[in-house]
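Each chain, letter by letter, is given below.
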Amino acid sequence: MPINANALSGVEIVGIGAHTPDKVLTNKDLESMMDTSDEWIQQRTGIKQRYRADHENGETVLYLAKGALEKTLADAKMAPTDLDLVILATMSQEMTCPPTACRLVNMVGAGNAGAWDFSAACCGFVFAMNNAYGLMQTGNYNNVAVIGADTLTQSVEFNTHGRGAAILFGDAAAGVILRKTDDTSKGILGQAMHSDGARWDDLYIPKTVHDLNEADREGNTQLNVLHMNGAGVFRFAVGTFSKVIGDTLDAAGVSADEVDHYVCHQSNRRILDAAKERFGLADEKLHVNIDRFGNTVAASVPLVLNDLREAGRVHAGQRVMFVGFGGGLTWGTSLWQI
Ligand code: UT7
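Residues numbered from 1 in each chain as written. Predicted model: local features only at pLDDT ≥ 70, side-chain atom pairs only at ≥ 80, totals over all residues. Heavy atoms only, no water.

A. Representation of the site of the ligand in the model. As a structural note, the neighbourhood of the ligand is formed by 20 residues, with Thr36, Arg44, His265, Asn268 and Asn295 the closest of them. Take Asn268: an N or O atom from its side chain is 2.7 Å from an oxygen atom of the ligand. Side-chain polar atom of Arg270 to an oxygen atom of the ligand: 3.4 Å apart, as the coordinates give it. Notes on the ligand: free accessible area 940 Å², of which the protein chains cover 70%. Elements with a contribution of two residues or more to the shell around the ligand: helix H2 (38–45), helix H6 (163–166) and helix H8 (230–252). When the residues that make up the shell around the ligand are grouped by side-chain class, the tally is eight nonpolar, eight polar and four charged. (Near = heavy atom within 4 Å. Polar contact = N/O pair within 3.5 Å; in protein donor to acceptor, adjacent residues only side chain to side chain. Areas by Shrake-Rupley, 256 points an atom, 1.4 Å probe, with all protein chains shown as cover. Helix = DSSP H or I, 4+ residues; strand = E, 2+ residues; numbered from the N terminus. Nonpolar A, V, L, I, M, F, W, Y, C, P; charged D, E, K, R; others polar.)

Shown next, in the form of structure tokens:
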């Protein structure tokens, strides 16, 4: 099978790192804030706890992203000034302008590295990996950081009205450093990126009353909080998740078995179990950590990779498929030979 037959350069993952807030919010904590139960949350989602950033005291998405980038650089044994680009996948940008990524570059001391925020909701990290790879093939960029960071606990209501979303989300940042290499066997074997904007209001955060969909104008007029059609997203995710994995494997000419790790967006344990069943995957091939982190949006996929790294399970020569789906709606993959 030709691997990376069209690649101009190889690209390898040389650093992986993550950073979480100090404060843990358990299901028991949530029981005291809203009408819910540890049992309901675990049964319906697989979540036991999540982290919540202390935004009021400066633990913002920038702070989390800085922690993750510094740890990722340390893992890569690189200096910040080695970086040519920093792509920050997030839907929790501090301000519309400047891009949070520019402040991140400044804070870590990465000189004048190119930097921008990349908004594709829960697909942010996966889409950004595909983008970074493309830029490294065609541009003069040797070392690129791709960080996913989100603080969605700021955008949910910790009360019974908002319980559908409040139990799901957690805050974190995680990412990778990509480096150009002469070994063209390393890099992307296959990828997919899709969207369905007709379903924009399945997951949205309205800023003004004009953003509200028709149904919410009549009922739920809350602004700056996540409005989510949980059951609709769940149905979409179960079907789409398996299909996009299958399509990527077919296009790359790789069988499900030949992939060592499926590093998937953690939005609900039942969605991940359905994909495992569909492809007959062993538990060790599709790592689940939603029990400890909840759904951390753009940080979710690299957080799984970081778990695998910490467990000593990431090795050169493996194949890793990154899989995302979420708001937009968006869904996609990035299949790597690492
Ligand atoms: O990254 C992508 C982002 N989002 C997702 O992937 C979300 C995907 N969706 C889900 O994970 C699930 O739809 C949820 C976990 C959000 C909800 O689970 P569900 O099994 O789809 O529940 P539901 O919304 O259909 O609600 C079932 C019942 C309702 O009660 P009634 O009407 O049957 O009496 C809800 O009011 O469960 C109730 N409920 C809760 N009960 C206790 C909803 N949320 C809660 C809660 N605690 N937190």
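B. Quick peek at the environment of Val105. Relative to the assigned elements, Val105 resides in helix H4 (residues 100–108). Distance from Val105 to Gly17, taken between C-alpha atoms, is 16 Å for residues 88 residues apart in sequence. In this structure, Val105 is in contact with Val86, Ala110, Gly111, Ala113 and Ala115, ignoring residues within four places of it in sequence. (Contact = heavy atoms within 4.5 Å.)

C. Representation of the pattern of salt bridges within the structure. The final tally for this structure, using the stated rule, is 13 salt bridges. Among the ionic pairs, Asp202 bridges to Arg199, the shortest N-O distance being 2.6 Å. By relative accessible area, which is 7% here, Asp202 ends up buried. Exposure remark for Arg199: the relative accessible area of 27% places this residue in the partly exposed category. (Salt bridge = Lys/Arg side-chain N within 4 Å of Asp/Glu carboxyl O. Buried < 20%, exposed > 50% of the residue type's maximum accessible area, 1.4 Å probe, protein only.)

D. Seen up close, helix H11 (residues 300–310). Counting buried residues in H11 gives nine out of 11 residues, a clear majority hidden from the surface. All buried positions along H11 are accounted for by Ser300, Val301, Pro302, Leu303, Val304, Leu305, Asn306, Asp307 and Leu308. Contacts made by the buried residues of H11 are with strand E1 (10–19), helix H5 (124–138), strand E7 (171–181), strand E11 (261–264), helix H10 (290–293) and strand E12 (319–326). With its phi angle positive at about 70°, Gly312 sits one or two positions after the end of H11.

E. Summary view of the environment of Leu25. Residue placement: Leu25 occurs in strand E2 (residues 24–26). With relative accessibility at 1%, the residue Leu25 sits in the buried group. Sequence separation between Leu25 and Ile271 is 246 residues, and the spatial gap between their C-alpha atoms is 23 Å.

F. Looking closely at the nonpolar core. Membership of the largest hydrophobic core comes to 46 residues, with the highest contact counts inside it found for Phe169, Phe241, Ile245, Leu249, Tyr262, Leu286 and Met321. Looking at this core, the elements with two or more residues in it are H6, strand E8 (187–195), H8, E11, helix H9 (269–279), E12 and strand E13 (330–337). Ranked by size, the runner-up nonpolar core spans 30 residues in total, among them Leu85, Ile87, Leu178 and Val263. (Core = buried A, V, L, I, M, F, W, Y, C linked by side-chain atoms within 4.5 Å.)

G. Broad picture of the pairing of E7. Burial analysis of E7 places nine of its 11 residues in the buried class, the great majority of the element. Sheet topology note: the strand E6 (residues 143–151)/E7 ladder contains nine bridges and is antiparallel. Opposite Ile147, over in E7, you have Gly175 as the bridge partner. (Pairing = 2+ DSSP bridges.)

H. Structural detail: the side chain of Asp307. Structurally, Asp307 can be placed in helix H11. Residue Asp307 is classed as buried on the basis of its relative accessible area of 9%. Within the structure, Asp307 has its side chain in polar contact with the side chain of Arg292 (distance 2.8 Å). Once residues within four sequence positions are removed from consideration, Asp307 is found in contact with His287, Asn289, Arg292 and Phe293.

I. Molecular detail of the pairing of E12. The buried count for E12 comes to eight of eight residues, which makes it a mostly enclosed element. Here E12 shows two buried faces, one formed by Arg319, Met321, Val323 and Phe325 and the other by Val320, Phe322, Gly324 and Gly326. Note that E11 and E12 share four bridges and pair parallel. Across the sheet, Tyr262 pairs through a bridge with Met321, a residue of E12. Bridging between E12 and E13 involves eight bridges; their strand directions are antiparallel. Opposite Arg319, over in E13, you have Gln337 as the bridge partner. Linking E12 to E13, which pair antiparallel, is a turn of three residues; within it Gly328 sits at a positive phi near 140°.

J. Quick peek at H4. All buried positions along H4 are accounted for by Thr100, Ala101, Leu104, Val105 and Val108. End-on, the buried residues of H4 take up no more than an arc of 140°, which puts them together on one face. Structurally, H4 contributes buried residues whose contacts are with helix H3 (61–76), strand E4 (85–89) and strand E5 (114–118). (Arc of directions from axis to C-beta.)

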